[in-house]
Amino acid sequence: MSAQIRIPRMFSRASAVSALTVAAVGGTVATPGYPPEVEAATVAAKALRIAASKKGAPYRYGAAGPKRFDCSGLTQYAYKRAGKRLPRTAAAQYNGTRHIKAASRKSGDLVFFHSGSGVYHVGVYAGSGRIWHAPKTGTVVRLERIWTKKVWYGHVR
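Basis of the calculations
- Residues numbered from 1 in each chain as written.
- Predicted model: local features only at pLDDT ≥ 70, side-chain atom pairs only at ≥ 80, totals over all residues.
- Heavy atoms only, no water.
- Helix = DSSP H or I, 4+ residues; strand = E, 2+ residues; numbered from the N terminus.
- Buried < 20%, exposed > 50% of the residue type's maximum accessible area, 1.4 Å probe, protein only.
- Contact = heavy atoms within 4.5 Å.
- Areas by Shrake-Rupley, 256 points an atom, 1.4 Å probe, with all protein chains shown as cover.
- Pairing = 2+ DSSP bridges.
- Axes fitted to C-alpha atoms, helices over the stretch in contact; angles between N-to-C directions.
- Core = buried A, V, L, I, M, F, W, Y, C linked by side-chain atoms within 4.5 Å.
- Expected span 1.5 Å × (residues − 1).
- pLDDT = per-residue confidence, 0-100.

Asks: Is there a simple way to explain the overall build of the chain in this structure?
Replies: Scanning the chain for helices and strands turns up five helices and six strands. Its helices and strands taken in sequence order, the chain reads α-α-α-α-α-β-β-β-β-β-β from the N to the C terminus. In the chain, which comprises 157 residues, the share counted as buried stands at 37%. Counted over contacts in the chain with a minimum sequence separation of 6, partners at least 24 positions apart contribute 49%. Taken as a whole, the chain presents about 9,700 Å² of accessible surface, with 54% of it coming from carbon and sulfur.

Asks: Would you mind going over the sheet that holds strand S3 (residues 118-127) with me for this structure?
Replies: Two pairing modes exist for strands in a sheet, parallel and antiparallel, and in both the strands are linked by backbone hydrogen bonds. Strand order in this open sheet of six strands is S1-S6-S2-S3-S4-S5, and the pairing throughout is antiparallel. Strands at the two margins of the open sheet, each flanked by one partner only, are strand S1 (98-100) and strand S5 (142-145). Strand after strand, the sheet turns through a mean of 45° between neighbouring axes, direction not considered. Note: strand S2 (residues 110-115) against S3, six bridges, orientation antiparallel. Looking across to S3, one finds that Leu 110 is bridged to Val 124. Running over the sheet, helix H3 (residues 43-53) touches S3 and strand S4 (130-133) and is turned about 100° from S3. Each of S2, S3 and S4 touches helix H4 (residues 71-82); the most contacted strand, S3, lies at about 45° to it.

Asks: Whenever I open this one, the environment of Tyr 120 confuses me. Can you help?
Replies: Within the secondary structure layout, Tyr 120 lies in strand S3. Residue Tyr 120 is classed as partly exposed on the basis of its relative accessible area, which comes to 48%. Between the C-alpha atom of Tyr 120 and that of Ala 91, which follows or precedes it by 29 residues, the distance is 6.9 Å. Tyr 120 has contacts with Phe 113, His 114 and Ser 115, leaving out every residue within four places of it along the chain.

Asks: I tried to follow the nonpolar core on my own but got confused; where do I start?
Replies: As a rule of thumb, nonpolar side chains are buried together in soluble globular proteins. The biggest cluster of nonpolar side chains holds 27 residues, and the ones touching the most others in it are Phe 69, Tyr 79, Leu 110 and Val 141. Of all the secondary-structure elements, those providing two or more residues to this core are H3, H4, helix H5 (90-95), S2 and S3. In terms of residue count, the dominant contributor to this core is H4 (six residues). Judged by nonpolar contacts, the second largest core, of eight residues, contains Tyr 125, Ile 131, Ile 146 and Val 151.

Asks: I would appreciate a short explanation of H4 in the present structure.
Replies: Relative to the 16 Å expected for 12 residues at 1.5 Å per residue, H4 spans 17 Å between its end C-alpha atoms, a close match to the ideal helical length. Among all positions of H4, only Cys 71, Ser 72, Gly 73, Leu 74, Thr 75, Tyr 77, Ala 78, Tyr 79 and Ala 82 are buried. Looking at the buried side of H4, the elements it contacts are H3, H5, S2, S3 and S4. Gly 83 sits one or two positions beyond H4 and adopts a positive phi of about 105°.

Asks: What is the right way to look at the confidence of the model for the chain in this model?
Replies: It should be kept in mind that the predicted coordinates are not to be read in detail where pLDDT is low. Per-residue pLDDT for the chain averages 84, and the proportion of residues at 70 or more is 74%. Confidence over residues 36-40 falls short of pLDDT 50; this stretch has seven contacts with residues more than four positions distant or in other chains.

Structure, rendered in structure tokens:
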């Protein structure tokens, strides 16, 4: 069985061979016009794509997919499919991540909403101040602007 590799049209045959060589030895190749996190296909980027693919899935308290989700169920599902395990609740997920400053956040990191010291909601950071999340009963998984400054960020290890 042979693996098929799709090479974007923007590559010439010579640059495609060079890109394959770099990939074979564990390097990464930057494609002009594409963000580095997409090129690297990191776990966080995969989790973000998986969360986004659930757009429109109904909210259900306690649900962790594949058709219905609550907030922490969506993040747990997305990261599990991307190859990382997360605890079940938003608070436990916060405790299980590497805490980072807002200036260090990247697409795919987790955004935790808090009141005082208690975490009550989580979503996947999508960049530009937006998250993918499962908001509440009566809603669906959606992309939304972060609506408060009372958030913490975590990077899944």
